[in-house]
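So the chains spell out like this:
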Amino acid sequence: MERIIYLDNAATTKTSPTVLEAMLPYFSEYYGNASSIYSIGAKSKEAITHSRETIAATLGAKPEEIYFTAGGSESDNWAIKATAEAYRAKGNHIITTKIEHHAVLHTCEYLEKNGFEVSYIDVDESGVVKLDQLEKAIRPETILITVMFANNEIGTIQPIREIGEIAHRHGILFHTDAVQAYGQLPINVDELHIDMLSSSGHKLCGPKGIGFLYIRKGVKIRSFVHGGAQERKRRAGTENVPGIVGYGKAAEEAMQTMQERTARETELRDYLIDRVLKEVPYTRLNGHRTKRLPNNANFSFQFVEGESLLIMLDMAGICGSSGSACTSGSLDPSHVLLAIGLPHEIAHGSLRLTLGAETTKEDLDFVIEKIKEIVEHLRSMSPLYEDFVKKSQKR
């Protein structure tokens, strides 16, 4: 196989070998249903309990506040829809932002069709939520504020503690989609005033198809999947024991390596950003320069079509993205880039590169040279770029 440089870790990560090793016995040896009373079923139940305790400890939460799901999208749906149902007698208003993941935005749109009102808060040019606007949007009937911890496209980290304080000061529940942040940033749910938090295993070298929703004790939201008594009667269905075991192991490893790993990723990220901005003209960095995920770099290249750039990078063995993997089939520009003020033509020329544990400086040197080469080639075929150069020369 030709050399592959994988720089799309925000979309998904490679499952860690030790995570896979931890999961394997629960496919073929300890395969019993955790609801059963015989020993191999009890072994499964014991493994689920251990993973629940491990994950709870990473958040400063209680084990009984962790509910396993099929991933981040389900967790977001559960938090928002179930809160809307449970607190409807109190009010029908929800606050979110314009740059949320579609698992949140589409859920809010669904609720709007069912009698709820949603306020979509603006962000600044770096993608940071406008706190004054958020607080002004609060009404007596507001029941939930849902703001992502860190943006999946541009990497900007939100002022979560301040948002949580605003929510609690007004007696409102606060949910955060932490799918990109969990395992990358330290999170303590009490210190940050978080009532509900969503996460997904495959973003931190765990398996796909597993996630969790943290629900603070006392938050009265109801079952999301009806059926059996699993997950303390709040999420029915036979547990995905291998997935839960894998997620527990991945979370444990992520916390053990976080400080050293993220310091290294930040150094490489900044090297990538500095060189691209310096060596590729008419390029901008999207997202906050420093308050961003350690592994995220998002660029817009003027006079370049992002899809063409991605195809040519792929031909060179480089895996990147134009934004969220969930919308890669769409021809529309990123809603996140439009929300931070980019015009359509520049938003279309975006590239997201997200580093991983295996990324090296040599990898990035190769990628940077390829970006320079491809961008120059694509611009040479662009009539818009040709006109721009001609006008610049006349000045």
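Values in this document were obtained by computation on a predicted structure and should not be read as measured data.

Scoring rules and cut-offs
Residues numbered from 1 in each chain as written. Predicted model: local features only at pLDDT ≥ 70, side-chain atom pairs only at ≥ 80, totals over all residues. Heavy atoms only, no water. Helix = DSSP H or I, 4+ residues; strand = E, 2+ residues; numbered from the N terminus. Rg over C-alpha atoms; globule rule 2.2 N^0.38 Å. Buried < 20%, exposed > 50% of the residue type's maximum accessible area, 1.4 Å probe, protein only. Contact = heavy atoms within 4.5 Å. Areas by Shrake-Rupley, 256 points an atom, 1.4 Å probe, with all protein chains shown as cover. Lys, Arg positive; Asp, Glu negative; His and termini not counted. Charge placed at Lys NZ, Arg CZ, Asp CG, Glu CD. Pairing = 2+ DSSP bridges. Axes fitted to C-alpha atoms, helices over the stretch in contact; angles between N-to-C directions. Parallel < 35°, antiparallel > 145°, perpendicular 65-115°, else oblique. Left-handed = near helix turned anticlockwise from the far one by under 90°. Core = buried A, V, L, I, M, F, W, Y, C linked by side-chain atoms within 4.5 Å. Phe/Tyr/Trp six-rings, centres within 6.5 Å; stacked < 30°, edge-to-face > 60°. Right-handed = clockwise from strand over helix to strand, strands pointing away. Expected span 1.5 Å × (residues − 1). Bend = angle between axes of the 7 residues up to and from the residue. Polar contact = N/O pair within 3.5 Å; in protein donor to acceptor, adjacent residues only side chain to side chain.

Moving on: the overall build of the protein chain. Within the protein chain, the secondary structure is distributed over 14 helices and twelve strands. Computed over its C-alpha atoms, the radius of gyration of the protein chain comes to 22 Å, within 12% of the 21 Å expected for a compact globule of 395 residues. For the protein chain, the proportion of its 395 residues judged to be buried stands at 55%. The contacts in the protein chain between residues at least 6 apart in sequence include a share of 73% that link residues at least 24 apart. As presented, the protein chain carries roughly 17,700 Å² of accessible surface, and 52% of it is formed by carbon and sulfur atoms. Across the protein chain, the centroid of the 45 positively charged side chains sits 3 Å from that of the 52 negatively charged ones.

With that settled, the discussion passes to the sheet that holds strand β6 (residues 173–177). Overall, mixed pairing links the seven strands, which are arranged β2-β8-β7-β6-β5-β3-β4 in an open sheet. Because the sheet does not close on itself, it has two edges, and the strands there are β2 (66–69) and β4 (117–121). Across the sheet, the mean angle from the axis of one strand to that of its neighbour is 20°, orientation sign disregarded. Along the sheet face, helix α3 (residues 39–59) touches β2, β7 (196–200) and β8 (211–215) and points at about 115° away from the line of β2.

Turning next to the sheet that holds strand β10 (residues 296–301). The sheet built from three strands is open, its strands ordered β9-β10-β12 with antiparallel pairing. Looking along the sheet, the strands with just one partner apiece sit at the ends: β9 (283–285) and β12 (350–354). Taken pair by pair, the neighbouring strands of this sheet meet at an average axis angle of 25°, ignoring direction. The pairing of β9 with β10 spans three bridges and is classified as antiparallel. Residue pairing in the sheet places L285 in a bridge with F299 of β10.

With that out of the way, let us pick up the packing of helix α10 (residues 306–315) against helix α13 (residues 361–380). At their nearest, the axes of α10 and α13 sit 10 Å apart, and the two run at 135° to each other. With respect to each other, α10 and α13 are oriented oblique. In this structure, α10 meets α13 at a crossing whose hand is right-handed. Along the contact surface, α10 presents S308, L309, M312 and L313, while α13 presents K370, I371, I374, V375, H377 and L378.

This paragraph deals with the side chain of R234. Here R234 shows up in the loop between α8 (230–233) and α9 (241–279). Apart from the residues within four sequence positions on either side, R234 is in contact with Y67, W78, I215, V219, K220, I221, S223, F224 and V225.

Turning to the nonpolar core, a few remarks are in order. Within the largest apolar cluster, 56 residues are counted, with the highest numbers of intra-cluster contacts made by L59, I145, F149, I187, I194 and F212. When residues in this core are grouped by element, the largest group, six residues, is from α9. Setting aside anything within four residues of it in sequence, one finds I194 in contact with F149, I160, F174, T176, I187, V189, Y214 and R216. By size, the runner-up hydrophobic cluster in this structure holds 25 residues, among which are V276, V280, L353 and L355.

Here the structure, examined in full by the defined rule, presents twelve aromatic pairs. A ring pair is formed by W78 and F224, whose centres lie 6.3 Å apart and whose planes are at 20°; its orientation type is stacked. Residue W78 is located in helix α4 (residues 72–86), and its partner F224 is located in the loop between β8 and α8; the two are separated by 146 residues in the primary sequence. A ring pair is formed by F299 and F301, whose centres lie 6.0 Å apart and whose planes are at 40°; its orientation type is tilted.

So, on to the environment of I166. By secondary structure assignment, the location of I166 is in helix α7 (residues 160–169). Residue I166 is classed as buried on the basis of its relative accessible area of 5%. Sequence-wise, I166 and L134 are 32 residues apart; in three dimensions their C-alpha atoms are separated by 8.8 Å. Residues in contact with I166, not counting those within four places in the same chain, are L131, L134, E135 and I138.

Moving on to the pairing of β4. Pairing between strand β3 (residues 93–97) and β4: five bridges, direction parallel. What sits directly across from H93, in β4, is E117. Handedness of the β3-helix α5 (residues 102–112)-β4 crossover: right-handed.

With that out of the way, let us pick up the pairing of β10. Counting buried residues along β10, six of its six residues qualify, which places the element largely inside the surrounding structure. Residues of β10 alternate between two faces, with N296, N298 and S300 on one and A297, F299 and F301 on the opposite face, all of them buried.

So, on to α9. Each full turn of the α-helix corresponds to 3.6 residues, which orients residues three or four apart in the same direction. The end-to-end C-alpha distance of α9, which contains 39 residues, comes to just 49 Å, noticeably less than the 57 Å that a straight helix rising 1.5 Å per residue would cover. The sharpest bend along α9 comes to roughly 65°, located at M258. Two or three places before G243, at the opening of α9, N240 has a side-chain oxygen 3.0 Å from that residue's backbone nitrogen.

Function-wise, these values are silent; they only describe arrangement.
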